[in-house]
Amino acid sequence: MNSIQPELEQLFQRYLKAFDQQNIAATQQCYQLPCTLHTPDKVLLIEDDSAFEREFLDIFTVLSQAKITRFIALKASFSELSDNLILACVDWQFIGPNDEVFTDFSAFYHLAFNAGQWQIFNVVSQELNQSVELNTPFDI
């Protein structure tokens, strides 16, 4: 097993738990600021704590209004780009109150090893058909 794999799995498990609990502080611990979030319709530069809180409050509000009950990682893989850079790809499904798929997408996470831990500094979300299989699969 790749030595980075357990650390990455722990990071994404913390990330998933923070999302599930809509815990902005715990979510932010998974990120390095400044960071960027790319969706098919916009790019956000999040430079500081207040901007992070604002954006994730908006995201969590949408998820609450949609009554999302759980998040499923369909598949996840990563490639080491260097000793302190990783590219990860996770295919997500967000499940609604009647067990229906509210949304599904593929997210590409750029991670840096910073202050002794892996942190996300860029996320690019795309249609599920844009998913790629990177070097090493991992579990969330």
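For the structure itself, consult the block above.
Residues numbered from 1 in each chain as written. Predicted model: local features only at pLDDT ≥ 70, side-chain atom pairs only at ≥ 80, totals over all residues. Heavy atoms only, no water.

Enquirer: How would you explain the layout of surface pockets if you had to name every residue and give the values?
Expert: Of the volumes computed, that of the largest pocket is approximately 750 Å³. T39, I59, F94, F105 and S125 are the residues nearest the centre of the largest pocket, which is lined by 29 residues in total. Mapped onto the lining of the largest pocket, the elements with two or more residues apiece are α1 (5-21), β1 (31-39), β2 (42-46), α3 (49-65), β4 (85-95), β5 (101-114) and β6 (117-126). Partitioned by chemical class, the residues of the lining of the largest pocket number 19 nonpolar, five polar and five charged. (1 Å grid on protein atoms, 1.4 Å probe; cavity = no way out; pocket = protein on both sides within 12 Å on 5 of 7 lines; lining within 4 Å. Points joined across faces, edges and corners; volume = space filled by probe spheres on them. Helix = DSSP H or I, 4+ residues; strand = E, 2+ residues; numbered from the N terminus. Nonpolar A, V, L, I, M, F, W, Y, C, P; charged D, E, K, R; others polar.)

Enquirer: I'd like to hear about the pairing of β2, residue by residue, with values.
Expert: Of the pairings in the sheet, the one linking β1 to β2 comprises five bridges and is antiparallel in character. Looking at β2, one finds that T39 is bridged to K42. (Pairing = 2+ DSSP bridges.)

Enquirer: An account of the pattern of salt bridges is requested, with residue identities and associated values reported.
Expert: Side chains that differ in charge, positive against negative, can pair when their charged atoms come close. The full count for this structure, using the stated rule, is three salt bridges. A salt bridge links R70 to D99; its shortest N-O distance comes to 2.7 Å. Taken as a pair, R70 in strand β3 (residues 70-82) and D99 in the loop between β4 and β5 lie far apart in primary sequence, 29 residues in all. Two residues, D91 and K75, come together in a salt bridge whose shortest N-O distance is 4.0 Å. With D91 in strand β4 and K75 in strand β3, the pair connects residues that are 16 residues apart, well separated along the chain. (Salt bridge = Lys/Arg side-chain N within 4 Å of Asp/Glu carboxyl O.)

Enquirer: Talk me through α1; I want residue IDs and the actual numbers.
Expert: Given a rise of 1.5 Å per residue, 17 residues ought to cover 24 Å, and the 24 Å separating the end C-alpha atoms of α1 matches this to within 8%. Within the sequence span of α1, burial applies to Q5, L8, E9, L11, F12, Y15, A18 and F19. Positive phi appears at Q22, one or two residues downstream of α1, with a value of about 50°. (Expected span 1.5 Å × (residues − 1). Buried < 20%, exposed > 50% of the residue type's maximum accessible area, 1.4 Å probe, protein only.)

Enquirer: I'd like to hear about the environment of I95, residue by residue, with values.
Expert: Of note, I95 is situated in strand β4. Discounting residues that sit within four places of it in the chain, I95 has contacts with K67, I68, T69, R70, I72, E100, V101 and F102. (Contact = heavy atoms within 4.5 Å.)

Enquirer: An account of the sheet that holds β5 is needed here, citing residue identities and associated values.
Expert: Strand order across the open sheet formed by seven strands is β2-β1-β6-β5-β4-β3-β7, with mixed pairing between neighbours. Every interior strand has two partners, whereas the edge strands, β2 and β7 (136-137), have only one. Sheet contacts for α1: β1, β3, β4, β5, β6 and β7; angle to β5, the most-contacted strand, approximately 130°. (Axes fitted to C-alpha atoms, helices over the stretch in contact; angles between N-to-C directions.)

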